[in-house]
Structures are given as structure tokens and as C-alpha cells.
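# Coordinate analysis (summary)
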Amino acid sequence: MLAQISKNIFLYASQSKALNKAAKKWGLRFGASQVVAGETIESAIAKVKELNEKGLVCTLDHLGEFVASREEAIEATEYNVRTLEAIHKAGVNSNLSVKLTQLGLDIDWHFCLDNMKRIMETAKRCNNFVRIDMEDSAHCQATLDILHELRKTYDNVGTVIQAYLYRAEQDVKDLKGVSLRLVKGAYKEPPEVAYQDKQEVDANYMNIIQQHLLSGSYTAIASHDHNIIAKVKQFAKENNIPRDQFEFQMLYGFRTDMQQQLAAEGYKMRVYIPFGNDWFGYFMRRLAERPQNVAFALKGFFGK
Ligand code: FDA
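- The name recorded for the protein chain in an unreviewed UniProt entry is proline dehydrogenase, from Anoxybacteroides rupiense.
- Listed under Catalytic activity (unreviewed entry) in UniProt, the entry text for the protein chain is "L-proline + a quinone = (S)-1-pyrroline-5-carboxylate + a quinol + H(+)".

### Some points on the domain arrangement of the protein chain
- What the domain assignment lists for the protein chain is domain 1 (1-33 + 283-304) and domain 2 (37-278).
- Spacing between the C-alpha centres of domain 1 and domain 2 amounts to 22 Å.
- At the junction of the two partners, domain 1 supplies six residues and domain 2 supplies five residues.
- Counting only elements with at least two residues in the side of domain 1 that touches domain 2, the list comes to helix 2 (17-26) and helix 11 (280-289).

### Notes on helix 11
- Of all 10 residues making up helix 11, eight are buried, and the element is well covered by its neighbours.
- All buried positions along helix 11 are accounted for by F280, G281, Y282, F283, M284, R286, L287 and A288.

### Re unusual backbone geometry
- Residues other than glycine seldom take positive phi values, yet N127 does so here, at roughly 55°.
- Examined against the element boundaries, N127 turns out to sit in the loop between helix 5 (109-125) and strand 3 (130-132).
- The exposure class assigned to N127 is exposed, which follows from the 8 C-beta atoms found within 10 Å.
- With a phi close to 50°, N240 is a non-glycine residue in the positive phi region.
- By the element assignment, N240 lies in the loop between helix 9 (226-238) and strand 7 (246-251).
- The exposure class assigned to N240 is exposed, which follows from the 6 C-beta atoms found within 10 Å.

Thresholds applied
- Residues numbered from 1 in each chain as written.
- Predicted model: local features only at pLDDT ≥ 70, side-chain atom pairs only at ≥ 80, totals over all residues.
- UniProt positions renumbered as here; feature names shortened; annotations may be inferred.
- Domains from an automatic or database assignment.
- Contact = placed C-beta atoms within 7 Å.
- Helix = DSSP H or I, 4+ residues; strand = E, 2+ residues; numbered from the N terminus.
- Buried ≥ 20, exposed ≤ 12 C-beta atoms within 10 Å, placed from the backbone.

Written out as C-alpha cells, the structure reads:
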């Protein structure tokens, strides 16, 4: 009961435009620096290098979402372009993750598509891959429509499917052959569109993972859940799924021992590294997912 209340408070805060705007001026606070790799491209690239040396690959996410002006969306597009160029120049092993509401999805669909095309051209030139994160369900179809449009020209782009959505199974079926990151889902969604019960979400999660792996499609299993990871390993073994057809993904700062262990076992392990000054919404969603995260946030709060 208490956990549900705190979850709702954090999810509510994550969507507050006023708090998100204010936090940009605060700098990384409340322990956020433990899960956000600094505010600049340089700090993020340094972190990628460090993790690469430990046998982990990465994906960089320049934080930002729900952008309301064209200027901000264009600025964010250019920042993503510069991030891809910086990855290329540094010769580090990282791809890029983007959120479409940062690139103008709420302003105009075609404008957002054009911004994505600019990023994809750079990714193509730099021989890299771009993953479109999935946001709340209100943006799901528009996101998939942009993916389909991009895939007419580019094959180095994929997206994310959230197991809590009833539509997930059909979406995974429709996206056979596309590189997908599969997750449980991080937003507050109503019962009209999403499973509310954790066990149902977990069951559907395993269902879509198995479905995508069996279709021969590249699958990124993004979860900190040791039970899910153990089941995926077992399933891959029993069904002769080659190691180069899937990877595990976890967020920067979470379960680092397990990340290292999976890499040592020979699995591809990718760390999702967020960076930048628009950290508040991301940080609040992490607090919502796991009440234990509150402990280090409080430590960060009082430590400042
Ligand atoms: P979950 O939170 O369900 O935990 C299950 C169990 O695992 C816990 O009960 C506990 O035992 C253990 N556990 C979990 N975290 C732990 C920790 N830190 N330490 C110790 N034990 C722990 N969502 C989205 O909607 N769109 C997106 O694009 C993405 N992208 C994304 C990328 C990556 C790389 C990751 C890892 C996640 C996302 N997500 C996401 C978030 C995702 O949807 C989900 O909200 C979180 O990963 C939380 O679910 P988990 O599967 O990690 O475990």
C-alpha cells in the first residue's frame, strides 16, 4: 500500500513540467549522479570507456523528454548528432538511445521524423545503431509509425516494446526481424491499456521474449530481474538460440555486480548510460520502480 503510494508520487513528479524545468538548473542532485553519468558528452564518453574496459558495451541517452518548442527539439537533435560523432571519434563501443518527445513528437509528427532522419544519417555515416526508447502509451503508435517510416531507408534502427501493454504481443509479431529491446514498462498506465498485476506483466514479458527469440530476431532483454535473466539463459540454451542473437541490458548504476557477472559468462551486456541536465523525470521513474532506491536518494539529498 505504502509502496504503491510512493510509486504514484514519484511517477507524478516525473511528469511535472515545473519540477523537470527547475531541476535543469539545480545540477545533479539527490543522489542522481549515481545513475546519471554527468551533464556533458565528455563525461559520458569517459564513462563508456571505463565500462568498455570492463567488457561491457553501452548505449548513450542524452536525457530529455516532452519538449514543447521547435528550437528545443532542434537543439536536442543536434546534441544527439554530436553524441554519435563523439562516440565515433573516441572509438568507443556504444550506440545511441533517443526519446521522440525530445525530438518534437508532441509538436508535429513530420517534424519529429525529419529530426530522426538527421540523426539516422549521422548514425549511418558513423556506422552505428539508434534505439528509439518507448515512452508512455499515448505516444506508442506514433513512435511505431516513425520506426516503420525510418525502416524504409535505414536498417540500423530499432525500438522498445513494453510487456505491460496488452498490445505488446501483436507489436512483437508485427516487428519480426527488427532489433527490439524488450522491457516490462516504466510509465503509469491505466487498466484499459496495460496489465496492472506484476505477475501478469512478468508472464507477458517472458512470453514476448520467447516469441522474438524464436522468430530469429535480435532481442535485447533489458531487466534487472535475476529471475527473468535466469529463465532467458535457460530458454536460450534449450532452444539453441545463438549468443549473438541476443543481449542483456541494464541501467547505469544498477546491479553492477550482475552486469559484470553476465559479461564474464560471455553474454553481451549493454549498459544504458543517461547523461545531461534534464535528469529529473528519468530519476523519478527509477525511484518509482524500486523503493530501495529512495535510500540512496535521501543520502544524496542530505549529503548535499
Ligand atoms: P523489476 O523492477 O520488476 O524487479 C524485479 C525484481 O528484480 C525485484 O523484485 C528485485 O528482486 C530485483 N531487482 C530489480 N532491480 C534491482 C536492483 N537495482 N537491485 C537488486 N535487485 C533488483 N521502460 C520503458 O517504458 N521504456 C523504455 O524505453 C525503457 N528502456 C529501458 C532500458 C534499459 C536498459 C532498462 C534496464 C530498462 C528500461 N526501461 C524502459 C525500464 C523498464 O521498463 C522497467 O521499468 C525497469 O527495468 C524495472 O523492471 P525490471 O525488469 O528491471 O525489474
